[in-house]
Amino acid sequence: MKAHLATLAQIIQIEERSWEPLVHRAIAKTLRRFSKNAILDLVQFFRYDKALGYRLLRSVVGPLPFRSLAQLYDWAARTTSGGRLTLPGGWMAKRTNRRLVLTSRKKRNGARP
């Protein structure tokens, strides 16, 4: 069992390393960070597949449960301008016409806003 778990951990590490360059390129094209918030260009964001989209969101809001990331992604896809969503970890999401604004409502000691 330990050997199986160790192999699985190695596979996960390799997979995460393969995602890193894709995530960094997506961040450069899609995301602008400020002191307490981040702005995502939704036109560009929704050109990516969901897996990359989740990783991009996680790069902003940190280690939220998968269910919260999926909720944020789906909410951004279906909500029109003016919608707001409160997330765990002190984050607030606001949808504008072409942007998703993620604002941290707590001090910077976790995820990088």
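Throughout, a residue's number is its position along its own chain's written sequence, starting from 1. Since the coordinates come from a predicted model, pLDDT governs what is reported: local features require at least 70, and pairs of side-chain atoms require 80 or more to be given and counted, while whole-chain, interface and lining totals use all residues. Hydrogen atoms and water are omitted, and side-chain values are computed over all heavy atoms in the structure.

Trainee: When you look at helix α3 (residues 50–61) in this model, what are you seeing that I'm missing?
Mentor: Helical geometry note: an α-helix holds 3.6 residues per turn, so side chains three or four residues apart project in the same direction. Only DSSP runs of H or I with at least four residues qualify as helices, and only runs of E with at least two residues qualify as strands; both kinds are numbered from the N terminus onward. What a helix is expected to span follows from its residue count: subtract one and scale by 1.5 Å. Compared with an ideal rise of 1.5 Å per residue, which puts 12 residues at 16 Å, α3 spans 16 Å between its outermost C-alpha atoms and is within 8% of the ideal. The element α3 is largely enclosed, with a buried count of 9 among its 12 residues. The buried label applies to any residue whose accessible area, calculated with a 1.4 Å probe on protein chains only, is under 20% of its type's maximum; exposed applies above 50%, and partly exposed to all values in between. Listed as buried for α3 are Leu52, Gly53, Tyr54, Arg55, Leu56, Leu57, Ser59, Val60 and Val61. In the analysis that follows, any N or O atom pair within 3.5 Å is treated as a polar contact, provided that within protein one partner can donate a hydrogen and the other can accept it, and provided that, for residues neighboring in sequence, both atoms belong to side chains. With a side-chain oxygen lying 3.2 Å from the backbone nitrogen of Ala51, the N-terminal cap of α3 falls on Asp49. Of the residues trailing α3, Gly62 is marked for its positive phi of about 80°.

Trainee: What is the right way to look at the pairing of strand β5 (residues 99–104) in this model?
Mentor: Strand residues, when the strand is regular, have side chains that alternate between the two faces of the sheet. Should DSSP find at least two bridges between two strands, the strands are taken to pair. Pairing of strand β2 (residues 37–41) with β5 involves 5 bridges; the strand directions are antiparallel. Its bridge partner being in β5, Ile39 is matched across the sheet by Val101. Between strand β4 (residues 91–95) and β5, which follow one another and run antiparallel, lie 3 residues.

Trainee: Honestly, the packing of aromatic side chains in this entry has me stumped. Any pointers?
Mentor: The geometry of two aromatic rings is summed up by the distance between their centres and the angle between their planes. A pair of aromatic rings is counted whenever rings of Phe, Tyr or Trp (Trp by its six-membered ring) have centres within 6.5 Å, and the orientation is called stacked for planes under 30 degrees apart, edge-to-face for over 60 and tilted otherwise. Inspection of the entire model under this criterion finds 5 aromatic pairs. Seen from their ring centres, Phe45 and Tyr73 are 5.6 Å apart, and the 50° between their planes marks the pair as tilted. Of this pair, Phe45 sits in helix α2 (residues 42–45) while Tyr73 sits in helix α4 (residues 66–78), and the two are 28 residues apart along the sequence. In this structure, Phe45 and Tyr73 share a single accessibility class: buried. A ring pair is formed by Tyr54 and Tyr73, whose centres lie 5.4 Å apart and whose planes are at 80°; its orientation type is edge-to-face.

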